[in-house]
Amino acid sequence: MISPKFYFKNKPCCPQEIKIAASADPARSRIDRSFLRHLLNSAGLSSLFTFIGMPPVLLKDMLDILWETKTLSCELKFEIDADCPAKTLRMIFERFADFEQEARKFQILPRVKLSLLINLNGKCSLNKFKRIRGKLQAQGVGGFALLHYAGPGDLILIRKVCAQLQLKNDPLIVYSRVMDKDLVRTLVQNNNIFTFHDGLNRRCYGRLEKNLKIGCGAGKKRLFILSDGTVYPCYGAFLQAKPMGIAHAGQLAGMIGRYVLPKVSEKCRGCKKSADCEKCRFMPPAVEKILCKAGR
């Protein structure tokens, strides 16, 4: 028998995929428990939240809020360092276990699916990553490799990781504040790299993500938020420094409602590959030059 608490109704015009990343000045962070609560109230059913460079306590707060409301379900992806304190992980696992018990009690699927993105830029070797991932899987938690890209100097590490990971079972996720030609060429040459740019993932050999059913959705179904409160319609808009505004308490829904997606570029007309990227309005120039008709 299913408890009536688990009856959900999705709200119109609400984001279903939200990425939150640390800004250049962590001291200016607006992402706290209150902000997370507001974000969850604005989001739709079964939303996907991804956190990059944020303190692990936010994941604990997120799980606590989800547990308190009893009216939301979502998928969480959260970056951690390989040396994340064991005490912190235990607190996260204990709260996550509550959702597993809830699912068994009411004979439903768990309301929360959790994956941790393990940062390989520091002292974490691939062998250590695999050991950590094994421990996560024992707790019912997914584990994926994450690398931060700041420039061509990081390409050696990316290629080394790609060469050792299994192509299907171990995709590599790359987060970058720049999308230069060196990174784009590396993406093209390796079939197991995903970025946070959905249009680029689709454009590169049809690499698909779970939430592609929502289409582009920039500024409506998808959001990219920096910890200082700056809201972008998507990760591509973040790369091009084209924000929607600054998020204040209770104003996110209005910001989404007012946003108008830019018109399709003239360069995209007649491009045979435009169906892959859905004529992305925020495709990085390096991608246009290498992969798109715009660069020919």
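Structure: above.
Remember, predicted model here, so these are calculated numbers, not experimental data.

Conventions adopted
Here, residues in each chain are numbered from 1, in the same order as that chain's written sequence. A pLDDT threshold of at least 70 governs which residues receive local features in this predicted model, and a stricter bar of 80 or more applies before side-chain atom pairs are shown or counted, although totals over entire chains, interfaces and linings include all residues. In computing side-chain values, all of the structure's heavy atoms are included and hydrogens and water are not. Under the scheme applied here, a residue whose accessible area is under 20% of the maximum for its type counts as buried, over 50% as exposed, and between as partly exposed, the area being computed with a 1.4 Å probe on protein chains only. What counts as a helix is a DSSP run of H or I of at least four residues, what counts as a strand is a run of E of at least two, and both are numbered from the N terminus. At least two bridges found by DSSP between two strands is the condition for calling them paired. Contact between two residues is taken to exist if any of their heavy atoms lie within 4.5 Å; hydrogens are not considered. Every axis in this analysis is a line fitted to C-alpha atoms, fitted for helices over the stretch in contact. Angles between the N-to-C directions lie between 0 and 180 degrees. When a carboxyl oxygen of Asp or Glu is within 4 Å of a side-chain nitrogen of Lys or Arg, the pair counts as a salt bridge. Here the arc refers to the set of directions running from the helix axis out to each C-beta atom.

(A) Structural context of the pairing of strand E2 (residues 47-52). Counting buried residues in E2 gives 6 out of 6 residues, a clear majority hidden from the surface. Taking every second residue as pointing to the same face, both faces of E2 are buried, with Ser 47, Phe 49 and Phe 51 on one and Leu 48, Thr 50 and Ile 52 on the other. Relative to E2, strand E1 (residues 17-21) is paired through 5 bridges, and the arrangement is parallel. Looking at the pairing, Ala 21 lines up with Ile 52 of E2. By the bridge criterion, 5 bridges tie E2 to strand E3 (residues 74-81) in an arrangement that is parallel. Of the residues in E3, the one forming a bridge with Phe 51 is Phe 78.

(B) Region of interest: the sheet that holds E3. Across the sheet, 10 strands lie side by side as E7-E6-E5-E4-E3-E2-E1-E8-E9-E10; this open sheet has mixed pairing. Taken across any chain shown, the strands that pair with only one partner, and hence form the sheet edges, are strand E7 (193-194) and strand E10 (245-246). Seen against the sheet, helix H2 (residues 57-69) touches E2, E3 and strand E4 (112-119) and runs at an angle of roughly 160 degrees to E3.

(C) Examining the pattern of salt bridges more closely. Under the criterion given, the structure shown has 13 salt bridges. With a shortest N-O distance of 3.2 Å, Glu 68 and Arg 33 are connected by a salt bridge. Of this pair, Glu 68 sits in helix H2 while Arg 33 is found in helix H1 (residues 33-42), placing the two residues 35 residues apart along the sequence. Classification of Arg 33 as partly exposed rests on a relative accessible area of 30%. The salt bridge involving Arg 37 is made with Glu 68; its shortest N-O contact spans 3.2 Å. One end of the pair, Arg 37, is in helix H1; the other, Glu 68, is in helix H2, and 31 residues separate them in sequence. Assessed through its relative accessible area of 47%, Glu 68 is described here as partly exposed. Salt bridges linked by common partners bring Arg 33, Arg 37, Lys 60, Asp 61, Asp 64, Glu 68, Arg 95 and Asp 98 together as one network.

(D) Summary view of helix H5 (residues 155-164). Regarding H5, the residues found buried are Leu 155, Ile 158, Val 161 and Cys 162. For H5, the arc enclosing every buried residue in end-on projection is 130 degrees, short of the 170-degree limit, so these residues lie on one face. Of the exposed residues in H5, those oriented more than 90 degrees away from the buried face are Ile 156, Lys 160 and Ala 163. On its buried face, H5 is in contact with helix H4 (126-138), strand E5 (142-149), strand E6 (172-176), helix H6 (181-189) and E7.

Purely geometric numbers; function is a separate question.
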